[in-house]
Amino acid sequence: MIAAASALAAKTAALRPAAQRAAFSSSGAARAVSGRIAVIGGGQMGSGIAQVAATHKHDVTLVDVSQEALERGRGYMAKSLKRVAKKQFPEDAQAQGRFVDEVLGRVSLSTSPAAAVGDAGLVIEAVVENIKVKQELFAGLAAAAPEGAILASNTSSLPIARIAEPLSAERKRRFLGLHFFNPVPQMKLVEVVRTDAADQQAVDDAVAFVKGIGKVPAVCKDTPGFIVNRLLLPYMMEAIRLLERDVASAQDIDTAMKLGAGYPMGPFQLCDYVGLDTIKFIVDGWHKEGQGLVGDKLFAPSAKLDELVAKGHLGVKTGKGFYEY
Ligand SMILES: NC(=O)c1ccc[n+]([C@@H]2O[C@H](COP(=O)([O-])OP(=O)(O)OC[C@H]3O[C@@H](n4cnc5c(N)ncnc54)[C@H](O)[C@@H]3O)[C@@H](O)[C@H]2O)c1
């Protein structure tokens with residue numbers, strides 16, 4: 001994967017005009033990490049992370065496998081920034097435009113991970129949820145990034161220490177999980193996940209970075225699901241099992257949890273929002289492959305979930321899941 005991407009190094013596309021770069025330099029901004037922020041993977045999460053970092057005056061390079069994917073990522077950022085700008089400058093169309101251009105002006109686009117991390121103080125990986133792809137990618141990134149750079153993964157379900165396995169002991173000291181939530185511009189929390197090999201300094205630097213981009217860090221150990229998903233997934237699976245046992249309808253379970261427990265969304269609304277394929281992927285992984293959870297009944301397969309996923313009813317993104325959209 002890295003080799004293929006490196007072959008594209010010559011095509012690095014810093015699409016930002018030079019004049020714009022100078023006009024919107026981020027010098028003077030308080031920062032927890034020095035150097036650029038490189039975000040690898042310009043999908044839903046990566047583009048959100050790049051957008052938020054650039055909004056907080058960091059120079060960012062967003063990397064993906066093709067120009068097309070990068071343009072898609074830039075499209076996500078532009079759309080989201082226009083919404084932010086309308087709220088921030090409700091009566092001033094010119095100020096809205098300036099804000100969007102200024103933030104997008106801080107984000108360079110590149111198809112070369114190696115070139116993008118050359119001057120990075122922090123590298124955040126947000127590519128597909130596949131351990132081999134992530135390990136290969138980080139092996140290449142570690143060879144190209146400055147020595148003191150923090151390398152971080154935004155994985156939801158893979159052990160951070162396993163992703164870092166191919167790296168040197170020195171690199172592992174500054175390798176962390178930085179788990180953002182979807183949609184990144186709106187969600188305040190970032191889990192800062194420390195492995196046993198990580199330095200306290202790296203954790204402190206990551207915490208300072210997270211605070212500096214307007215988010216709230218929660219530091220935790222590298223265990224399955226970290227904090228939020230470790231609690232949310234059993235909750236979602238138990239809700240599905242209540243439905244399977246015909247204890248109540250999805251609507252009534254959602255109503256009960258919203259009005260009885262004060263949750264903003266019921267478990268079925270949440271499942272549909274997250275994506276049923278994602279939920280199945282995570283619980284099946286924990287049930288079959290472990291990380292200490294092999295065979296755990298909380299994560300046992302659910303016939304109802306399996307059936308919906310097999311039919312392609314994955315939730316909001318396909319127009320149908322537990323509800324229709
Ligand atoms: N979607 C969520 O709700 C969510 C929440 C938290 C964390 N995550 C995690 O974030 C990561 C990304 O998820 P997403 O939803 O943004 O996925 P996505 O499919 O929207 O985006 C992934 C992007 O990575 C690119 N990519 C794949 N391999 C690459 C490589 N080798 N180099 C550069 N780019 C590459 C793809 O082209 C794509 O644009 C996953 O690890 C996922 O577990 C997702």
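Residues numbered from 1 in each chain as written. Predicted model: local features only at pLDDT ≥ 70, side-chain atom pairs only at ≥ 80, totals over all residues.

- If you check an unreviewed UniProt entry, the protein chain appears there as 3-hydroxyacyl-CoA dehydrogenase from Coemansia javaensis.
- The UniProt entry for the protein chain carries this comment under Catalytic activity (unreviewed entry): "a (3S)-3-hydroxyacyl-CoA + NAD(+) = a 3-oxoacyl-CoA + NADH + H(+)".
- The annotation that UniProt attaches to the protein chain under Subcellular location (unreviewed entry) is "Mitochondrion matrix". (UniProt positions renumbered as here; feature names shortened; annotations may be inferred.)

### Regarding the pairing of strand E5 (residues 150-153)
- Burial along E5 is two-sided: Ile150 and Ala152 facing one way and Leu151 and Ser153 facing the other are all buried.
- Both strand E4 (residues 120-125) and E5 contribute to a ladder of four bridges, which runs parallel. Paired with Leu122 across the two strands is Ile150, which belongs to E5.
- Between E4 and its parallel partner E5, the chain crosses via helix H7 (residues 131-144), and the hand of that crossover is right-handed.
- Pairing geometry for E5 and strand E6 (residues 175-180), over three bridges, is parallel. Looking across to E6, one finds that Leu151 is bridged to Phe175. (Buried ≥ 20, exposed ≤ 12 C-beta atoms within 10 Å, placed from the backbone. Helix = DSSP H or I, 4+ residues; strand = E, 2+ residues; numbered from the N terminus. Pairing = 2+ DSSP bridges. Right-handed = clockwise from strand over helix to strand, strands pointing away.)

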